[in-house]
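Analysis of the macromolecular model
So you can see what is in the structure, the chains are spelled out below.
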Amino acid sequence: MSNLCLLSAEASFLMESSDDEKDGVYGNYMPKELGHSLASNGTKFVDEVLNGQSERCLENFRMDKPVFYKLCDILQGKGLLRHTNRIKIEEQLAIFLFIIGHNLRTRAVQELFRYSGETISRHFNNVLNAVMAISLEFFQPPGSDVPPEISQDPRFYPYFKDCVGAVDGIHIPVMVGVDEQGPFRNKNGLLSQNVLAACSFDLKFHYVLAGWEGSASDLRVLNSALTRRNKLQVPEGRYYLVDNKYANMPGFIAPYHGVPYNSNEFPSGYHPQDARELFNQRQFLLRNATDRTFGALKERFPILMTAPPYPLQTQVKLVVAACALHNYIRRENPDDVLFKMYEQETILQIDESLAPLEGEQAMMHIDTHDLEVGFEAEQLELSAQLRDSIATEMWDDYIRDLAAMKQMASTNSENGSKNEAPSSTEAQQQPQIRMPTLEEVRAQEVWNNCAVRSVASGVIGGGFGLFMGMLLGAVDNPLMQEQMTGRQQLVYHAKQMVRKSWSSAKTFAVMGVIFSAVECVVEKSRAKHDTTNTVVAGCVTGGTMSAKDMHRWDILFYS
């Protein structure tokens, strides 16, 4: 399957030498929705914006005036853009930013700027290629320091001290010809390109790979990013966080599968039950930096939210260029108001006191045949051990802190003061809580499986029924007992014990399976362990057994 590679500074940039002759003025009308209260041509409009308040520049060109002027200087200094007789560099850049910042078509922009459609299109592509030529300068690889978003948060440090960011994919709408639509149609039936991005925790992009068809799996796109010439670099001994669409492998730590891992499954008021749940919860809180980064990107450049009518190559370039400009603005003006909007959605606002689950997390199968990177079994095992060690250390500290908080609350309650903390001597006398080992946690997870619990309950019920049947068969006296010899009575009781034991064992086994299965399903769906689960399971079991008995009576009656 073909894919379009990440375009970089290595792509050649050729400026047309005939710009002066080609820049023509478009002299028709200006629509009211665009031209009201604006200047009579593009030059005056750009001058008005750049001479006005900085907020107006941000509104129209998606960046503050100092950042805008510095970008013009960079592009001019590198010889990527130049003034023409009719259009200055500032106006060329303004045309490009106005289009991608408002998702406008060439027709609307040419009527606002008063240039021909050919002129608008040519300068749009010139600026796009110029930004692409320096895009790699704006994508910085992760550094060696621990990100402050981790080091300054006790929920994440020291557990994720070697984490450098998060990797995720996003589907950007595309417009392609009918003959090309098949591969670009994603699982939702929409045409898109699957874009992979490695993000830092401060809303920047480390790496972007655009152009893969929407039908391509996320793992396959990641494999492409790891094997191409301009590949995603993961520092030695460090790793990125990924979601459950990816495999847990060297350089990438995924959540535990079959365990809740997102905010919808961790509502307010629910406490993690084991090390895996706690790991998935905190991994999700940290990994949501990708959602906030993508959100800020689309807020600034809404052209990425719809399929623009450009050639596919241009659509791919737009994604990379938009990410590069996003990084440039973040570097030059980290207090930009659009970034502040998404910094407000900080992970620090998400509480760890989480509420009952609304549903059981489904297992997701990872199709590892899409992963062509040559990882040995030993490397994959080490990655699994790394994740387990992080989860165990996190769980140990979590239980220790929870015990300390309970001890403090108990001590304060006894002293009649909720604000008084226990003394150091009292803290040292706190009872030591034995932490469950990882093997014990895994054993508990096996027991929590509904199928395992149902089978075990059926076996236990069958054993109990066997005993009850033997007891009832032993005390059952035959009608002709006085006419039977002792040997005959012994044989009769033995047969009765076997018959009733087998019948009772089957009945109790079925009851045990139904009761345990229903109770387990109800418990997982409600995420509560109380008498309601038992009552519901008892009602369902009783109803099922009654219906079964009624069916037997119907058969006997009608036969």
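Residues numbered from 1 in each chain as written. Predicted model: local features only at pLDDT ≥ 70, side-chain atom pairs only at ≥ 80, totals over all residues. Heavy atoms only, no water.

1. Focus on the packing of helix α13 (residues 289–300) against helix α14 (residues 312–332)
Operational definition: The axes used here are C-alpha line fits, helices contributing only the stretch in contact, and every angle between their N-to-C directions lies in the interval 0 to 180 degrees. Working definition: helices are DSSP H or I runs of at least four residues, strands are E runs of at least two. Numbering for both runs from the N terminus. Working definition: roughly parallel below 35 degrees, roughly antiparallel above 145 degrees, roughly perpendicular at 65 to 115 degrees, and oblique for all remaining angles. In what follows, residue pairs with any heavy atoms lying within 4.5 Å of each other are defined as contacts. As a working rule, the residues Ala, Val, Leu, Ile, Met, Phe, Trp, Tyr, Cys and Pro are called nonpolar, Asp, Glu, Lys and Arg charged, and the rest polar, with Gly in that last group.
Packing of α13 against α14 leaves a shortest axis separation of 10 Å and a crossing angle of 100°. Between α13 and α14, the crossing angle belongs to the class labelled roughly perpendicular. Along the contact surface, α13 presents Thr293, Ala296, Leu297 and Arg300, while α14 presents Ala322, Cys323, His326 and Ile329. Partitioned by chemical class, the residues of the contact of α13 with α14 number five nonpolar, two polar and one charged.

2. Quick look at the pairing of strand β2 (residues 192–199)
Using the following cut-off: The buried label goes to any residue with under 20% of its type's maximum accessible area, the exposed label to any with over 50%, and the partly exposed label to all in between, with areas taken from a 1.4 Å probe on protein chains only. Pairs of strands are assigned from DSSP output, requiring at least two bridges between the strands.
Counting buried positions along β2 yields eight of eight residues, so the element is predominantly enclosed. Across the two faces of β2 the burial is the same, with Ser192, Asn194, Leu196 and Ala198 and Gln193, Val195, Ala197 and Cys199 all buried. Bridging between strand β1 (residues 163–173) and β2 involves eight bridges; their strand directions are antiparallel. In the sheet register, Gly169 faces β2, and the bridge partner there is Leu196. Between β2 and strand β3 (residues 205–213), which follow one another and run antiparallel, lie five residues, and Leu203 among them has a positive phi close to 65°.

3. Here we look at the pattern of salt bridges
Oppositely charged side chains may form a pair once their charged atoms are brought near each other. The test is simple: Salt bridges are counted wherever a side-chain nitrogen of Lys or Arg sits within 4 Å of a carboxyl oxygen of Asp or Glu.
Under the defined criterion, the tally for this structure stands at 14 salt bridges. Of the charged contacts in the structure, one is a salt bridge between Lys78 and Glu137, with a shortest N-O distance of 3.2 Å. Taken together, the positions of Lys78 in the loop between α5 (65–77) and α6 (89–102) and Glu137 in the loop between α8 (117–133) and α9 (148–151) put the pair 59 residues apart, joining distant regions of the chain. Residue class for Glu137 comes out partly exposed when judged on its relative accessible area of 36%. Arg331 is the partner of Glu332 in a salt bridge, and the nearest nitrogen-oxygen pair spans 3.0 Å. Since its relative accessible area comes to 26%, Glu332 is described here as partly exposed. According to the relative accessible area criterion, Arg331 is partly exposed, its value standing at 42%. It is possible to trace a salt-bridge network through shared partners that takes in Arg330, Asp335, Lys340 and Glu343.

4. Looking at the confidence of the model for the protein chain
Applied cut-off: What pLDDT expresses is the predictor's confidence in each residue, scored from 0 to 100.
A residue-level look at the protein chain finds 74% of positions with pLDDT of 70 or above and a mean pLDDT of 79. Scored below 50 in pLDDT, residues 1–18 shows 53 contacts in the model against residues more than four places distant or in partner chains. The low-confidence segment residues 424–434, where pLDDT is below 50, has seven contacts with residues more than four positions distant or belonging to other chains.

5. Section: the pairing of β3
For β3, a buried count of nine out of nine residues is recorded, marking the element as mostly surrounded by other parts of the structure. By the bridge criterion, six bridges tie β2 to β3 in an arrangement that is antiparallel. Within β3, the residue paired with Ala197 across the bridge is Val208.

6. Comments concerning the state of the cysteines
Worth spelling out the cut-off: Cysteine sulfur atoms that pair up within 2.5 Å are treated as a disulfide.
Going through the model one piece at a time under the given rule, you end up with zero disulfides. There is no disulfide at Cys323, and the cysteine sulfur nearest it, in Cys199, is 8.1 Å away. Residue Cys323 is classed as buried on the basis of its relative accessible area, which comes to 2%.

7. Overview of the packing of aromatic side chains
Under the convention used in this document: Two rings from Phe, Tyr or Trp (for Trp, the six-membered ring) form a pair when their centres are within 6.5 Å of each other. A pair whose planes differ by under 30 degrees is stacked, one over 60 is edge-to-face, and the rest are tilted. Lysine NZ or arginine CZ positioned within 6 Å of the ring centre and within 35 degrees of the ring normal marks a charge as sitting over the ring.
With the rule as written, the count across this model stands at 15 aromatic pairs. Where Phe138 meets Tyr328, the ring centres are 5.3 Å apart and the plane angle is 45°; that geometry is what we call tilted. Of this pair, Phe138 sits in the loop between α8 and α9 while Tyr328 sits in helix α14, placing them 190 residues apart in sequence. In terms of burial, Phe138 and Tyr328 fall into one category: buried. A centroid spacing of 5.5 Å and a plane angle of 75° characterise the contact between Tyr256 and Phe279, whose relative ring orientation is edge-to-face. Of this pair, Tyr256 sits in the loop between β5 (252–253) and β6 (268–270) while Phe279 sits in helix α12 (residues 275–287), and the two are 23 residues apart along the sequence. Relative accessible area serves as the criterion here: at 4%, Tyr256 is assigned to the buried category. If you follow Arg330 out to its NZ or CZ, it ends over the ring of Phe339, 4.8 Å from the centre. A cation over a ring is seen here: Arg387 above Tyr256, with NZ or CZ 4.2 Å from the ring centre.

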